[in-house]
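These are the residues of each chain, in order.
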Number of protein chains: 2
Amino acid sequence: MARRVSLKDVATAAGVSPTTASRVLSGVDRNVAPELAERVQAATVELGYRVNAAARALRLQTTGSIALVVPSVANPYYAELVASYSRHLDAEGRRVVTFDTNDSVESERRQLADMDRVMVDAVLIAPVDHEGSAPAIAALAATHAVVQVDRIAAGVDAPAVRLDNAAGIRLLVEHLREGGRERIVLVDAEPRSSASRERAEAFREVAGLGCTVLQMPTFSMHSGTEAARILRESADMPDAVICTADVVSLGLLTAFQHAGLRVPQDIALATFDGTALSGVTSPGLTTLDSVVDEIVRASLEIVDGTRTTGLLVTPRVLVRESTGH
Amino acid sequence: MARRVSLKDVATAAGVSPTTASRVLSGVDRNVAPELAERVQAATVELGYRVNAAARALRLQTTGSIALVVPSVANPYYAELVASYSRHLDAEGRRVVTFDTNDSVESERRQLADMDRVMVDAVLIAPVDHEGSAPAIAALAATHAVVQVDRIAAGVDAPAVRLDNAAGIRLLVEHLREGGRERIVLVDAEPRSSASRERAEAFREVAGLGCTVLQMPTFSMHSGTEAARILRESADMPDAVICTADVVSLGLLTAFQHAGLRVPQDIALATFDGTALSGVTSPGLTTLDSVVDEIVRASLEIVDGTRTTGLLVTPRVLVRESTGH
DNA sequence: CTGAAAGCGCTTACAG
DNA sequence: CTGAAAGCGCTTACAG
């Protein structure tokens, strides 16, 4: 790869000024003689010219790129979030660049501090830890356009778009009770995120005696199989489980089935994210319907300035076989 | 957000030249009087200065960022690939920006054409389609540093780092035969990628009568449950299945267990990627050991110029309970 | 040890 | 319709 071809090279080859070449290629100013335009196009192809992103961004003061910072792209919920942003932005020639904080406050801090090195117009972030994530996000928000998605960090002055987790818990508990389930366990991650905290609090309020919260280290299939083991070894098995991440539900389900437990006959299982995963297991999993598209839409409106306030999305239950009455 | 604070603002506030301010902040030239350095640091904090990525990249002609273009971050195999690149690059102050082509040649083409708009030093790509992906990748390779990872596109002149898929198939078939399995089915995606083709070809060569290939549209849990349904409805059930993606294996496993089939007693199951997923199911899945780290290491060496040729990684079998003899 | 000046590669207001 | 010139915000070779 020799020195990269610049716009000047193209202009020289086409026998026009860089101004004219730029006008042709950026497609902004259509007032160029057709013949010149053609020569510029030809030279572009001939030389294999590609615009320099840094120069363009420096001049335009905008990049068309948005950063999305999530705890784990391996979590299907966040994978679907990424995919939805891609779809929405692709359609208008913009793009999302994804950063995985690996569920680590330290990694998140490092990557946010490093955000200067990436050209983005805004940063969308799902904070790892309600308190621990706050300083780095607040610092970033002082100089960048920041929107909190799915979760919030304590006291950060940036709009937030997320699910009403407490309402979600109340809806699922209600649904399970209507099916006659009384001994419900909530399986969640350790309450580091705002979302986990809100759910645990709501669950403790609404669930009565015999309802407990089981907190696993992370959202993973492994947490699901571990939770299944713990539940089966406990003195009194619950008659229903709510898992707050589809990937955890999956681990629970395979472990239950491996142990010969029938879902929903022996134990009901409800999940939370509503990713595609929840619909393709056997049996299908009752879940809160996915709000990924609402989150994406509202957060992009904030980025684009057509919306100024955050949004708390109200959940709905999507009933499938796993909680069959 | 008012006008962004520039280096010049910091310099003015600190009463030094932009040259000196730059020397302090870029940390390159330590020959600055301690007192001046201190004033610059103070002004930086005071004003909330953050370097402009575009200006820096334009001047330095390098960004420290690498693009990784994968078919689906929702696939745990690619999620682990992303995570591994992040780990390796983070350690040296560089970063990976991830692009999801959504298993679509059209989306891949669009995003590669759009790569000009993102500042990256190199592009690592796992092509969606052996033939269909070739033109866009070849065009990109003419102007960018490109490395093909995990898969290749036909006739593209860019180094490739990937698993020896044929060898992997041969090893797994051999392992299953040693356990007395004779009627083996290979469950793979439609042979659009180079990897799927290599596997199908190797399987047809090594597997005998009664061994068939079942090709599903995509790598997903849903493909796994569908495959299970198809196999159970077929006239003669196999006694072993090789799934070429862990996420497909997972779908198969839950569907088998839901149907009351025991793994491995009734049917053996081997998988391919060796992601964390394969180790946390019940039973654990026999798999090829993960080669993600080898792929990451070699591909980064190529990017950094300490390696010039591609690499075909030789697989190893990791035996777990799902193929128990 | 410090700073004035050049230049990375674009785009666009301005003059013609 | 076209082009010369300015300037986006940095970094560094050069001169002092």
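Since we're looking at a predicted model, the values are computed, not measured. (Residues numbered from 1 in each chain as written. Chains lettered and ligands numbered in written order. Predicted model: local features only at pLDDT ≥ 70, side-chain atom pairs only at ≥ 80, totals over all residues. Heavy atoms only, no water.)

Asker: Just checking my understanding: could you explain the interface of chain B and chain A for this structure?
Answerer: The partner chain A presents 53 residues to the 53 residues of chain B that form the contact. Buried area between chain B and chain A, summed over both chains or domains, comes out near 4600 Å², and the portion from carbon and sulfur atoms is 59%. At the boundary of chain B and chain A, one finds 6 salt bridges. Our count for the chain B to chain A interface comes out at 10 residue pairs in polar contact (both at pLDDT 80 or more). When residues of the side of chain B that touches chain A are traced back to their parent elements, those giving at least two are α4 (53-60), α5 (76-90), β2 (95-100), α6 (105-113), α7 (134-141), α10 (221-233), α11 (246-258) and α12 (277-280) of chain B. The biggest single contributor to the side of chain B that touches chain A is α4(B), with 6 residues. (Contact = heavy atoms within 4.5 Å. Buried area = accessible area lost by both parts, 1.4 Å probe. Salt bridge = Lys/Arg side-chain N within 4 Å of Asp/Glu carboxyl O. Polar contact = N/O pair within 3.5 Å; in protein donor to acceptor, adjacent residues only side chain to side chain. Helix = DSSP H or I, 4+ residues; strand = E, 2+ residues; numbered from the N terminus.)

Asker: Got a minute to help me understand the protein's contact with DNA strand D in this structure?
Answerer: Taken together, 26 residues lie near DNA strand D, and A:Thr20, A:Arg23, A:Leu36, B:Ser22 and B:Arg59 sit nearest. Atoms of DNA strand D within 4 Å of the protein belong to the sugar or the phosphate in 59% of instances, the rest to bases. At 3.3 Å, a side-chain N or O of B:Thr19 approaches a base oxygen of DNA strand D. Contacts to DNA strand D include B:Ala55, whose backbone N or O atom sits 3.3 Å from a base nitrogen. Breaking the surface near DNA strand D down by element, the ones donating at least two residues are α2 (18-26) and α4 (53-60) of chain A together with α2 (18-26) and α4 of chain B. The element contributing the most residues to the surface near DNA strand D is α4(B), with 5 residues. (Near = heavy atom within 4 Å.)

Asker: Can you walk me through the domain arrangement of chain A in this structure?
Answerer: A common way to state how big an interface is: give the accessible area lost once the parts meet. Residue and element names in this part refer to chain A. The assigned domain composition of chain A is domain 1 (7-51), domain 2 (60-162 + 293-313) and domain 3 (165-289 + 317-323). The C-alpha-based centres of domain 2 and domain 3 are spaced at 28 Å. Taken together, the 13 residues of domain 2 in the interface contact 13 residues of domain 3. Buried surface at the junction of domain 2 and domain 3, both sides included, amounts to about 1200 Å², of which 47% is carbon and sulfur. Between the two partners, domain 2 and domain 3, sit 3 salt bridges. Among the ionic pairs, Arg197 bridges to Glu131, the shortest N-O distance being 2.9 Å. For the pair domain 2 and domain 3, the number of links is 6 residue pairs in polar contact (both at pLDDT 80 or more). Of the residues belonging to the side of domain 2 that touches domain 3, the class tally is 4 nonpolar, 2 polar and 7 charged. (Domains from an automatic or database assignment. Nonpolar A, V, L, I, M, F, W, Y, C, P; charged D, E, K, R; others polar.)

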